[in-house]
Structure formats: C-alpha cells, structure tokens
Amino acid sequence: MNFKKTILCIGAGYVGGPTMAMIAYKCPQYKVTVVDINPERIAQWNSDDLPIYEPDLGEIVKTARGRNLFFNTDIEKGIKESEIIFVSVNTPTKTYGTGAGMAADLQYWEKTARQIRDCADSHKIVVEKSTLPVKTALAMERILTSMNNGIRFDVLSNPEFLAEGTAIKDLEDPGRVLIGSRETPDCLKARDALVEIYANWVPKERIITSNIWSSELSKLVSNAFLAQRISSINSISALCEKTDANIIEVSRAVGMDSRVGNKFLNTSVGFGGSCFKKDILNLVYICRSQGLDEVADYWEGVVKINDYQKERFILNMLSAMFNTLAGKRICLFGFAFKANTGDTRESPAISIAGRLAEEKADLIITDPQALKNAMIALSDVNGEIDYVKDPYDAAAGCDAIAVMTEWDIYAGLDFEKIYKSMTKPAFVFDGRNILDHEKLFEIGFNVYPIGKPALTHF
Ligand SMILES: NC(=O)c1ccc[n+]([C@@H]2O[C@H](COP(=O)([O-])OP(=O)(O)OC[C@H]3O[C@@H](n4cnc5c(N)ncnc54)[C@H](O)[C@@H]3O)[C@@H](O)[C@H]2O)c1
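Keep in mind the model is a prediction, meaning the values are calculated, not measured. (Residues numbered from 1 in each chain as written. Predicted model: local features only at pLDDT ≥ 70, side-chain atom pairs only at ≥ 80, totals over all residues.)

Examining the overall build of the protein chain
- Scanning the protein chain from N- to C-terminus turns up 18 helices and 14 strands.
- Taken over the C-alpha trace, the protein chain has a radius of gyration of 24 Å; the compact-globule value for 458 residues is 23 Å, and the two agree within 12%.
- Across its three principal axes, the protein chain shows a C-alpha extent of roughly 75 × 50 × 45 Å.
- Burial analysis of the protein chain (458 residues in total) assigns 48% to the buried set.
- Of the contacts formed within the protein chain by residues at least 6 apart in sequence, a portion of 72% connects residues at least 24 apart. (Helix = DSSP H or I, 4+ residues; strand = E, 2+ residues; numbered from the N terminus. Rg over C-alpha atoms; globule rule 2.2 N^0.38 Å. Buried ≥ 20, exposed ≤ 12 C-beta atoms within 10 Å, placed from the backbone. Contact = placed C-beta atoms within 7 Å.)

See the structure below:
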C-alpha cells in the first residue's frame, strides 16, 4: 500500500508507544513505525501483553498494528525510509560526573542523533519528543549537519504533555499540542508538516507554535508548575496536622478562587513518576549553570518538600505505632506512582518501602498492575517482602495498611472483613486520602489521613 507519509519514532517507551499508536489510529493514510534498541520491548508491543498498562491502549494498538503501525528493531532501515522522525528515547537524571543527580543524561539522545545522521540519505524532519534541556535542538542540529554531506535536517520541538494513567484520553483530546521551530522558511515548512499530522484529529486552535527554545523550556516549566502545586498543598498538609485544620476543607476553599483553580490540589504522600523530579532537577541545574541561584533554589524547594512529605509519612507511622515497626507486618495498598498505570518509576512507595524495611518492618505489597515493577524496584531492599495480588489476602494478618496509590478499587473494599483479618490494634495510614476515614474509625481502625486530624481509639 502507498502511504501518504512515513513516520518513524525512535524509542518505544511510555511516550513513543502510545503517541505513535494514536497517530497511526487516527491517520490510516500514514505509515508509522516504532523502533527500539530493546528487542524484548518490541516483542511485547507485537504481542497481546503490551509492555505498559494504560486504559484503552490495547484497543488502539490492536486496531492499527499491522495495518499502518509497526514495531521493530531495525532502526537503520526505519531512518532511511521515513520522512519524519520522532525521537522519544529516555533522558533520565545523570548519575555520574558533572551534574550527577541533577542534569539530564543525554547519552541516549546523542547516540540517536548520530545514528540519524549516519543512516539518513535524504531530507528528514527530526522531532524532539523526549523532554530535553532548553537549547538541545542546537546541539541536535550541530550533530546532524556535522558530516557536511548536503542532506537537510529540520529540527522541531514537540514535547509530550500526556499524563500516565490517562495517556490515551490525553492523546485523543489534548489540551494543547506545542510545536517549536526556528523561523527559517525550511523550518516553518517542516512545522507545517507536523501541524498537518495533528490536525487530523486535534482542533487547529489547540495546536500552538512557538520558537524552538520556548517549546523546549515550556515542557520543563509545565512539569515544574504541576509538581509545585503538589508540594504547595503537601506543605500545608503538615501545618494542618499541627493545627487541627483539615486540608480537604482548605483545598476546597482555596481552589474555588478561579485564579487558583481547583485541580491538582489533592494532598498525598508525595509525587512520583519518571518526570516531575527529573525535570525539576534539570531546570534547577540549568538555572544554576546560568548563574540564577535564587531561581534554582526556589524550584529545588519543590523537590525538597516532596522528600519531606515522604519522610513525614514514615515518622507519623512510627510515632502512631508506639515508636517501633520492627517485626510488624505492613501492607502497602498500591505501588504504582499513580492510579491506572503499572509504572513505578520514582513512586513514593519505593522510598516508603525502603524506609519501612530500614525500620525492620515486614512488607506485603499489593497492586492491580504494578507488582512486576515493584519486585524490580525493591530488588535491592533487604528484609521480608511479599507480593500479593488480592488486597484482602495482602492485608490479612497485618498490623497496618498504608495507601500508596489512589486506585479506585481500594475505596470500595469491604473494610469490616479486612479489619477482622488484621492484627489489633489495626492502623490505616491513608497516603492518598481516598478512604472513608470516619467509617474506618467506626469499624475499629486507628486512622491517619494526611492533613486531617487522626481518628484513634487510644
Ligand atoms: N513517561 C511520561 O509520562 C512522559 C511524559 C512526557 C514526556 N516524557 C519524556 O519522554 C521521553 C521518553 O520517556 P519514556 O517514559 O517513554 O521513557 P522509556 O524509558 O519508557 O522509553 C524510552 C525508550 O527508548 C529506548 N531507547 C534508548 N536509547 C535508544 C536508542 N539509542 N535507540 C532506540 N531506542 C532507544 C529505550 O530502550 C526505551 O524503550 C523522556 O525524555 C521523558 O522525559 C515522558
């Protein structure tokens, strides 16, 4: 079949897989190929057991796969055959050398740029989909054109704003699609080509364009603002606990001011996910390298409050349970960093589990989608850890339940039954404030929400 456009995506992860599946699903006239260096991941994308869990992703992939959506490991062939190449490789925090623990590790991105340069034999539009430090497109251009072989590359920035857990909804009906480019006639033409793809299903007024550096920076700033809101409300939850104020009431009152807005004002044990911390630290690093220490300090505070919130959770548990957790069985309800995903990267549950293990507690972990990733995430943690799919079985015989993830199923459980099966006194630490605290208290639990007075029988 003759396709109208050939599109390649390098990197078949949480972003590359779903975004390309959506383009292929909405645009049967385009051939979309997703490649990766990891053959196992590609095999999973070609199977019924996809490598990531996202509601409705399976249906979208099933519809398009084999029709105009293809997954393989032949990166070289993919580059040669495609007109538009999305780069969606991982850009984790650097763990070595200069900028360790702060800067983005650009090694995967750089390798990809070189590979595109080496394999391309015709004009390519290269789209930065990964989240990258501002000015990365300049380095991308320098690498791509370093062979001086007359092949033209137009680099665009098109950061991804999807949220895991709602990726398909976000891709199908995005708040905005941002495309940054240089202002040269060639780059503007390339930008139009990318606009044309999204315009197949995204209303034109939601496809916004900007200069390329604004686009790169907007992604880091978006994540910084989102995380800042969580840290802001979490910092106030600590004050509520000291003053008998109730964070839910405070959030409601504050959020009803339309200038503030009521979204993203839920307190919790802390934010997680592969992006927020990494992107803020990257922003902090960039600010410091530009001599903007005050700005860097301001944003670094968001990460510090997040760490503080997790530690506060542990200290609250310790103090509620008579200052010793040694030998106590503690059940973590949820391990994914948020509901509706199996992703556990930077999940607060990882540090909570690590700290509980340090306190010599025995851990029982339950999660509808994330147990496999939880096992990997905790492989270095010493101590007794059991992984149990069924939440009733997981809680039986435990001293405490700590809610780590806001999965809907947890609010609907039969807590009378759970209470009966637990060791007494039985505790609930609701790290997401999703349970009915008064009801749990009536059943007999000692209940510790976040940012609300505890309900205890002592
Ligand atoms: N996960 C999210 O919710 C999200 C949202 C928006 C933006 N982002 C950004 O998107 C980028 C990708 O994130 P992700 O969560 O999809 O990461 P991921 O780790 O799930 O996927 C990245 C993939 O790239 C592959 N890869 C690495 N080097 C490669 C190479 N040289 N050639 C081919 N494949 C290679 C890896 O094998 C991996 O499968 C990051 O920059 C991230 O910050 C992520």
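After presenting the structure, the write-up continues.
Observations concerning the sheet that holds strand 10 (residues 362-366)
- The sheet built from six strands is open, its strands ordered 11-10-9-12-13-14 with parallel pairing. The two strands at the open ends of the sheet, each matched to only one other strand, are strand 11 (385-387) and strand 14 (446-448). Sheet twist, expressed as the average angle between the axes of neighbouring strands with direction ignored, equals 20°.
- Pairing of strand 9 (residues 329-333) with strand 10 involves five bridges; the strand directions are parallel. Residue Leu332 lies in a different strand from strand 10, and its bridge partner there is Ile365.
- Of the strands in this sheet, strand 12 (400-403), strand 13 (427-430) and strand 14 are in contact with helix 12 (residues 293-320), which crosses strand 13 at around 165°. (Pairing = 2+ DSSP bridges. Axes fitted to C-alpha atoms, helices over the stretch in contact; angles between N-to-C directions.)

Some remarks on the environment of Met375
- If you trace the backbone, Met375 turns up in helix 14 (residues 371-377).
- On the basis of neighbour counts, which here come to 14 C-beta atoms within 10 Å, the residue Met375 falls in the partly exposed class.
- As a C-alpha pair, Met375 and Val34 span 341 residues in sequence and 28 Å in three-dimensional space.

Comments concerning the pairing of strand 8 (residues 207-211)
- Bridging between strand 7 (residues 177-181) and strand 8 involves five bridges; their strand directions are parallel. Residue pairing across strands places Ile179 opposite Thr209, the latter belonging to strand 8.
- Taken together, strand 7, helix 8 (residues 185-198) and strand 8 form a β-α-β motif whose crossover is right-handed. (Right-handed = clockwise from strand over helix to strand, strands pointing away.)

Focus on the domain arrangement of the protein chain
- The domain boundaries assigned to the protein chain delineate domain 1 (5-202) and domain 2 (214-458).
- For domain 1 and domain 2, the distance between their C-alpha centres works out to 32 Å.
- If you look at the interface, domain 1 gives 26 residues, while domain 2 gives 24 residues.
- Counting residues per element, the ones that place at least two in the side of domain 1 that touches domain 2 are helix 6 (136-144) and strand 7. (Domains from an automatic or database assignment.)

As for the site of the ligand
- Residues in contact with the ligand amount to 26 residues; listed here are only the nearest, Gly11, Gly13, Tyr14, Ser130 and Thr131.
- Among the elements that take part in the shell around the ligand, helix 5 (residues 107-119) stands out by supplying three residues, more than any other.
- In the shell around the ligand, the residues fall into 10 nonpolar, 11 polar and five charged. (Near = placed C-beta within 6 Å. Nonpolar A, V, L, I, M, F, W, Y, C, P; charged D, E, K, R; others polar.)

Here we look at the packing of helix 5 against helix 6
- Where helix 5 meets helix 6, the axes come as close as 9 Å, and the angle between the chain directions of the two elements is 35°. Once helix 5 is placed against helix 6, the crossing between them reads as right-handed. On the side of helix 5, the interface is formed by Glu110, Ala113, Arg114, Ile116 and Arg117, while helix 6 contributes Met140, Ile143 and Leu144.
- Among the residues forming the contact of helix 5 with helix 6, the class breakdown is five nonpolar, no polar and three charged. (Left-handed = near helix turned anticlockwise from the far one by under 90°.)

Notes on the nonpolar core
- Core analysis: the biggest nonpolar cluster contains 129 residues, and Ile85, Val126, Ile330, Leu332 and Ala402 have the highest contact counts within it.
- The element contributing the most residues to this core is helix 9 (residues 212-243), with eight residues.
- When residues of this core are assigned to domains, at least three map to each of domain 1 (5-202) and domain 2 (214-458).
- Residues in contact with Leu332, not counting those within four places in the same chain, are Ala349, Ala353, Leu363, Ile365, Ala402 and Met404. (Core = buried A, V, L, I, M, F, W, Y, C linked by C-beta atoms within 7 Å.)

Looking at unusual backbone geometry
- For the bond running from Lys424 to Pro425, omega is -5°, close enough to zero to count as cis.
- Tracing the chain through its elements places Pro425 in the loop between helix 17 (415-421) and strand 13.
- Phi is positive for Lys135, close to 90°, though the residue is something other than glycine.
- Inspection of the secondary structure puts Lys135 in the loop between strand 5 (124-128) and helix 6.
- We note that Lys360 has phi near 70°; this positive angle belongs to a residue other than glycine.

A closer look at the packing of helix 1 (residues 16-26) against helix 3 (residues 57-64)
- For the pair helix 1 and helix 3, interaxial distance at closest approach is 9 Å and the crossing angle is 50°. Comparing their axes, helix 3 and helix 1 come out oblique. As for the relative orientation of helix 1 and helix 3, their crossing is left-handed in sense. Here Pro18, Ala21, Met22, Ala24 and Tyr25 of helix 1 lie close against helix 3, whose contacting residues are Leu57, Ile60, Val61, Thr63 and Ala64. (Parallel < 35°, antiparallel > 145°, perpendicular 65-115°, else oblique.)

Side note on the environment of Tyr25
- In this fold, Tyr25 is placed in helix 1.
- Classification of Tyr25 as buried rests on a count of 23 C-beta atoms within 10 Å.
- Once residues lying within four places of it in the same chain are set aside, the contact partners of Tyr25 are Ile60, Thr63 and Ala64.

So, the environment of Gly97
- Inspection of the secondary structure assignment puts Gly97 in the loop between strand 4 (84-87) and helix 5.
- Sequence separation between Gly97 and Thr131 is 34 residues, and the spatial gap between their C-alpha atoms is 21 Å.

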